Amino acid sequence: MSSPTLLRRTADRIERRTPAHRDRAVDGLRALALLAVPTGHWLLGGFTLDADGGLHNASPLSAFGALAPASWVLQMLGVFFLVGGYASVLSYHRRTGSAGSWLRGRVARLGRPVLGATAVWALAAPVLYAAGVPEATLRTGATLVVQPLWFVGVYVVVTALTPYCVWAAHRLGGWAAAPLLASVAVVDFLRYGPFAGSVPSWLAVVNVLPGWLFAYQLGVDWGERRIGRRGALLLLVGGTVLFAALLTVFHYPASMVGVPGEARTNSHPPSLLVLALAAAQSGAAMLLRDRLARLLARPALWAPVVVINLCAMTILCWHQTAMLAAAVPGSFAGALAGLTTAPDSPAWIAARLAWLPVFAVLLVGIARYARRFEEPWTRATAVRRTLAGVLAAGFAVFALGLA
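Residues numbered from 1 in each chain as written. Predicted model: local features only at pLDDT ≥ 70, side-chain atom pairs only at ≥ 80, totals over all residues. Heavy atoms only, no water.

A. Seen up close, the overall build of the protein. Within the protein, the secondary structure is distributed over 17 helices and two strands. Its C-alpha radius of gyration of 22 Å places the protein within 12% of the 22 Å reference for a compact globule of 403 residues. Reported as C-alpha extents along the three principal axes, the dimensions of the protein are approximately 60 × 60 × 45 Å. In the protein, which comprises 403 residues, the proportion classed as buried is 47%. Long-range pairs, those at least 24 residues apart, make up 79% of the contacts in the protein between residues at least 6 apart in sequence. If you sum the accessible surface of the protein, you get close to 19700 Å²; carbon and sulfur atoms cover 67% of it. The average position of the 33 basic charges and that of the 15 acidic charges among the side chains of the protein differ by 11 Å. (Helix = DSSP H or I, 4+ residues; strand = E, 2+ residues; numbered from the N terminus. Rg over C-alpha atoms; globule rule 2.2 N^0.38 Å. Buried < 20%, exposed > 50% of the residue type's maximum accessible area, 1.4 Å probe, protein only. Contact = heavy atoms within 4.5 Å. Areas by Shrake-Rupley, 256 points an atom, 1.4 Å probe, with all protein chains shown as cover. Lys, Arg positive; Asp, Glu negative; His and termini not counted. Charge placed at Lys NZ, Arg CZ, Asp CG, Glu CD.)

B. Layout of the pattern of salt bridges. Here the structure, examined in full by the defined rule, presents six salt bridges. Taking the shortest distance from any N to any O, the salt bridge between Arg22 and Asp27 comes out at 2.6 Å. A relative accessible area of 44% places Arg22 in the partly exposed class. Taking relative accessible area as the criterion, Asp27 reaches 6% and is therefore assigned buried. Of the charged contacts, one joins Arg191 and Asp188 as a salt bridge, the two residues approaching to 3.3 Å between their closest N and O atoms. Pair noted here: Arg191 and Asp188 are both in helix 9 (residues 178–192), with a separation of three residues, about one helical turn. Arg191 sits in the buried class, given a relative accessible area of 17%. A single salt-bridge network, built from bridges that share partners, covers Arg22, Asp27 and Arg30. (Salt bridge = Lys/Arg side-chain N within 4 Å of Asp/Glu carboxyl O.)

C. A look at the packing of aromatic side chains. Applying the stated criterion across every chain yields a total of 18 aromatic pairs. Pairing Phe80 with Phe151 gives two aromatic rings, centres 5.1 Å apart and planes at 85°, and the pair type is edge-to-face. One end of the pair, Phe80, is in helix 4 (residues 77–94); the other, Phe151, is in helix 7 (residues 150–160), and 71 residues separate them in sequence. Residue classification places Phe80 among the buried residues on the basis of a relative accessible area of 13%. On the accessibility criterion, Phe151 (5% relative accessible area) is buried. Note on Phe151 and Tyr155: the rings are 5.5 Å apart at their centroids and 35° apart in plane angle, and the pair reads as tilted. Remark: Tyr155 and Phe151 occur in helix 7; sequence separation between them is four residues, near one turn of the helix. Here Phe151 and Tyr155 have matching classes, each one buried. Cluster of aromatic residues (ring-pair linked, three or more members): Phe80, Phe81, Trp150, Phe151, Tyr155, Trp212 and Tyr216. Sitting over the ring of Trp302, Arg24 keeps its end group 4.7 Å from the ring centre. Taking NZ or CZ as reference, Arg264 lies 3.6 Å from the ring centre of Tyr192, over its face. (Phe/Tyr/Trp six-rings, centres within 6.5 Å; stacked < 30°, edge-to-face > 60°. Lys NZ or Arg CZ within 6 Å of the ring centre and 35° of its normal.)

D. Inspection of the pairing of strand 2 (residues 55–58) at higher detail. Across four bridges, strand 1 (residues 46–49) lies against strand 2 in antiparallel orientation. If you follow Leu49 over to strand 2, its bridge partner there is Leu55. Where strand 1 hands over to strand 2, the hairpin turn is made up of five residues, of which Gly53 adopts a positive phi near 85°. (Pairing = 2+ DSSP bridges.)

E. Fine view of helix 4. Here helix 4 contains 18 residues, and its C-alpha end-to-end distance of 25 Å stays within 8% of the 26 Å for a straight helix at 1.5 Å per residue. For helix 4, a buried count of 14 out of 18 residues is recorded, marking the element as mostly surrounded by other parts of the structure. (Expected span 1.5 Å × (residues − 1).)

F. Looking closely at the packing of helix 4 against helix 10 (residues 208–223). Direction vectors running N to C along helix 4 and helix 10 enclose 45°, while the axes themselves pass 7 Å from each other. Judged by the angle between their axes, helix 4 and helix 10 are oblique. Helix 4 and helix 10 meet at a crossing whose hand is right-handed. Residues Leu77, Gly78, Phe81, Leu82, Gly84, Gly85, Tyr86, Ser88, Val89 and Leu90 of helix 4 form the contact with helix 10, whose own contacting residues are Trp212, Ala215, Tyr216, Leu218, Gly219, Val220, Trp222 and Gly223. Classifying every residue of the contact of helix 4 with helix 10 by side-chain character gives 12 nonpolar, six polar and no charged. (Axes fitted to C-alpha atoms, helices over the stretch in contact; angles between N-to-C directions. Parallel < 35°, antiparallel > 145°, perpendicular 65-115°, else oblique. Left-handed = near helix turned anticlockwise from the far one by under 90°. Nonpolar A, V, L, I, M, F, W, Y, C, P; charged D, E, K, R; others polar.)

G. Here's a closer look at the state of the cysteines. Taken as a whole and assessed by the stated rule, the structure comprises zero disulfides. With no disulfide partner, Cys311 has as its closest neighbouring cysteine sulfur the one in Cys317, 12 Å distant. Among the residues examined, Cys317 registers a relative accessible area of 2% and is labelled buried. (Disulfide = S-S within 2.5 Å.)

H. Representation of the packing of helix 9 against helix 10 in the model. Put simply, helix 9 and helix 10 touch, their axes get as near as 9 Å, and they point 155° apart. The orientation of helix 9 relative to helix 10 falls into the category roughly antiparallel. Between helix 9 and helix 10 lies a crossing whose hand is left-handed. Judged by residue contacts, Leu180, Leu181, Ser183 and Val184 of helix 9 engage Pro210, Gly211, Leu213, Phe214 and Gln217 from helix 10. In the contact of helix 9 with helix 10, the residues fall into six nonpolar, three polar and no charged.

I. Representation of helix 15 (residues 312–333) in the model. The end-to-end C-alpha distance of helix 15 is 33 Å, a good match for the 32 Å that 22 residues give at a rise of 1.5 Å each. The sharpest bend along helix 15 measures roughly 45° and falls at Trp318. Among the 22 residues of helix 15, 18 are classified as buried, and the element is accordingly described as predominantly covered. Immediately downstream of helix 15, the backbone of Gly334 shows phi near 105°, a positive value. (Bend = angle between axes of the 7 residues up to and from the residue.)

Okay, structure coming up:
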């Protein structure tokens, strides 16, 4: 059987198994936001080699500030939290048990892949070290693997706040996210305004919860039908205007991700610029929903969306490993353009684009085996679960430089 025929039959089989009530547009938005994560990390994350052959993180944004607009497109966590809030509120209303059991189920779905990925790395790290991989490379790899996983912890917290978000949506309607925006604006004013010199550095941490809860609350409002077309248009226009004002008038950093050497960052913790972008993206997503749903009615387009959503946590947890699977062996070969050379020239950008299909193929290969961590651990005993937790904790300590 030819490959096109097999793909067509697979797409038709997925189409037949899709329930009629499935919200294809929301799944499509989630898939788009998911794919933006590895694409952004693979494009905007580079390496340099030290004298001993160890890999160190480097960013092309340090040399090419003009690449910052790419981060506006690739930073789609706002859309991910929007869709998460929308899906969570529907699931919350359909639950058959208590709110606590509903939350435990969702936390387990998020936690299993994280424990699996970090436990595997904890076992692999000493083997790689014994095989001659430099400690600097292992620390760089561990940092990259753990780096995207902060999102899971934040997502668990905002998911736990779903009942509050539902209450706020019913009480304040489409404006339920406005107090969160105001909170971040106040903290940013204190951090960067006339009182900046007298404000403690830890104040920035206050922005973490309201900063990421903002888009999630918009998703809950959307799911509760508290935001219509007019509200979506307001989000798109208002977010865009605020984004432009923060860049041009208040001189916020242009990059949505951290740039080595820069004193300010927008993402850790989220600044008001992140919320402005999330508002604009959310408004656009709501306005495009019907058009996207019609587009995804085609089986050939719908099938990859289903596959991506089924492997969501696998993609999040293992995409950095896929890049390292190419970079670590490459470091033994020396300077490979776009892989182990410094990201400081246009040639590096062109070469890195050529490496993206390699990373994607490696991720698909890894996902074939890592996907099992998303399934319920029916055969896992309490001892095995405890061992996985201990291994994951040990790897986190190593990745954070505490060991």
